[in-house]
Every structure is written in structure tokens, then in C-alpha cells.
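# Architecture and fold: a report
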Amino acid sequence: VIEKTNLTPTSTSELVGLETSISPNPVQDELFITLDNKGVKASQLSIEIIDQTGRVILHNNISNFEGFNVLNINASDWNSGLYIVKMSNEKHESAIQKFIKI
């Protein structure tokens, strides 16, 4: 299966009812991913961080979350460069955001 990823400067979001953001950008040591599903309980969310070679360097599944959540990710050991955060749910809806590691 080949999946096309659009690398435009803006994020794409098809996760209905879920607002997401990443900060800071660029990141040096810690990356924060905020998830706000406005009080609606989500059953499953998959988060992947992909480096510029296409390698998944972090994969995390979150189950049964609701409200406002902040994920704190240690990025201090990662190489400098462009990274993609891909979030997808059980309905195959997805959101993609990019950040730079300095």
C-alpha cells in the first residue's frame, strides 16, 4: 500500500470533532501535542512521528480519552530535520502536522 502525504506548509485535518496542535515549532528538546475533542469521548487514536526518511520513530495509541489532553514527548535524542506527526482514528480519519527539530 502506497500512501501519498501532502507536504504543504499548513496542517491537514480530517479528524472530525478533534482539534490538534503541536508546539513549539521548531522543537529543541520537548514536543507538546495538544488534543481537544470538546468533551466527546474518543475510543482510539493512533499517533505516529515520522522522520524525513519515512521511518516511524514513535508510535503511540491512546484509548478512551475525552476533553483536553497534552502529550509531552522527549525529542532531545532525535536528529535535526523535518518530522511529521500523523494522527488517525478507528474511522481512518487522519490529521497531519509538520515540525522541525533543531
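Whatever comes next refers back to the structure up there.
Below, the structure is looked at part by part.

Rules and cut-offs
- Residues numbered from 1 in each chain as written.
- Predicted model: local features only at pLDDT ≥ 70, side-chain atom pairs only at ≥ 80, totals over all residues.
- Heavy atoms only, no water.
- Phe/Tyr/Trp six-rings, centres within 6.5 Å; stacked < 30°, edge-to-face > 60°.
- Helix = DSSP H or I, 4+ residues; strand = E, 2+ residues; numbered from the N terminus.
- Buried < 20%, exposed > 50% of the residue type's maximum accessible area, 1.4 Å probe, protein only.
- Core = buried A, V, L, I, M, F, W, Y, C linked by side-chain atoms within 4.5 Å.
- Contact = heavy atoms within 4.5 Å.
- Pairing = 2+ DSSP bridges.
- Axes fitted to C-alpha atoms, helices over the stretch in contact; angles between N-to-C directions.
- Patch = residues over 30% accessible without salt bridge, like charges linked within 9 Å, V, L, I, M, F, W, Y side chains within 5 Å.
- Areas by Shrake-Rupley, 256 points an atom, 1.4 Å probe, with all protein chains shown as cover.
- Salt bridge = Lys/Arg side-chain N within 4 Å of Asp/Glu carboxyl O.

## Looking at the packing of aromatic side chains
Counted by the stated rule, this structure contains three aromatic pairs. Between the aromatic rings of Trp 78 and Phe 99, the centroid separation amounts to 6.3 Å while the plane-to-plane angle is 35 degrees, which identifies the pairing as tilted. Here the residue Trp 78 occupies a position in the loop between strand S6 (68-74) and strand S7 (81-89), and Phe 99 occupies one in strand S8 (residues 94-101), the gap between them amounting to 21 residues. Grouping residues by exposure puts Trp 78 and Phe 99 together as buried.

## Section: the nonpolar core
Grouped together as the largest cluster of nonpolar side chains are 21 residues, with contacts concentrated most on Ile 33, Leu 35, Leu 45, Ile 47 and Phe 99. If you list the elements that add at least two residues to this core, you get strand S3 (30-36), strand S4 (42-50), strand S5 (56-65), S6, S7 and S8. Dropping the residues within four chain positions of it, Leu 45 is found in contact with Leu 15, Leu 18, Leu 35, Asn 60, Asn 61, Ile 62, Phe 65, Met 87, Ser 88 and Asn 89.

## Focus: the sheet that holds S3
Strand order in the open sheet made by the three strands is S2-S3-S6, with antiparallel pairing throughout. The sheet is open, and its two borders are formed by strand S2 (19-23) and S6, each paired with just one other strand. Sheet twist, expressed as the mean angle between neighbouring strand axes with direction ignored, is 15 degrees. Pairing analysis gives seven bridges linking S3 to S6, with the strands arranged antiparallel. Bridged to Leu 35 within S6 is Asn 69.

## What about the environment of Ser 23?
Residue position: Ser 23 is located in strand S2. A sequence separation of 49 residues divides Ser 23 from Asn 72, and the C-alpha atoms of the two residues are 10.0 Å apart.

## Here we look at a nonpolar patch on the surface
Taken together, the side chains of Leu 82, Ile 100 and Ile 102 present a nonpolar region at the surface, about 250 Å² in accessible area. By secondary structure assignment, the location of Ile 102 is in the segment after S8.

## Notes on the pairing of S2
On S2, burial follows the alternation: Thr 20 and Ile 22 on one face are buried, whereas Glu 19, Ser 21 and Ser 23 on the facing-out side are not. In this sheet, S3 lies alongside S2 in antiparallel orientation, the contact comprising five bridges. Note that in S3 the partner of Ile 22 across the bridge is Ile 33. The turn joining S2 and S3, which pair antiparallel and follow one another in sequence, is formed by six residues.

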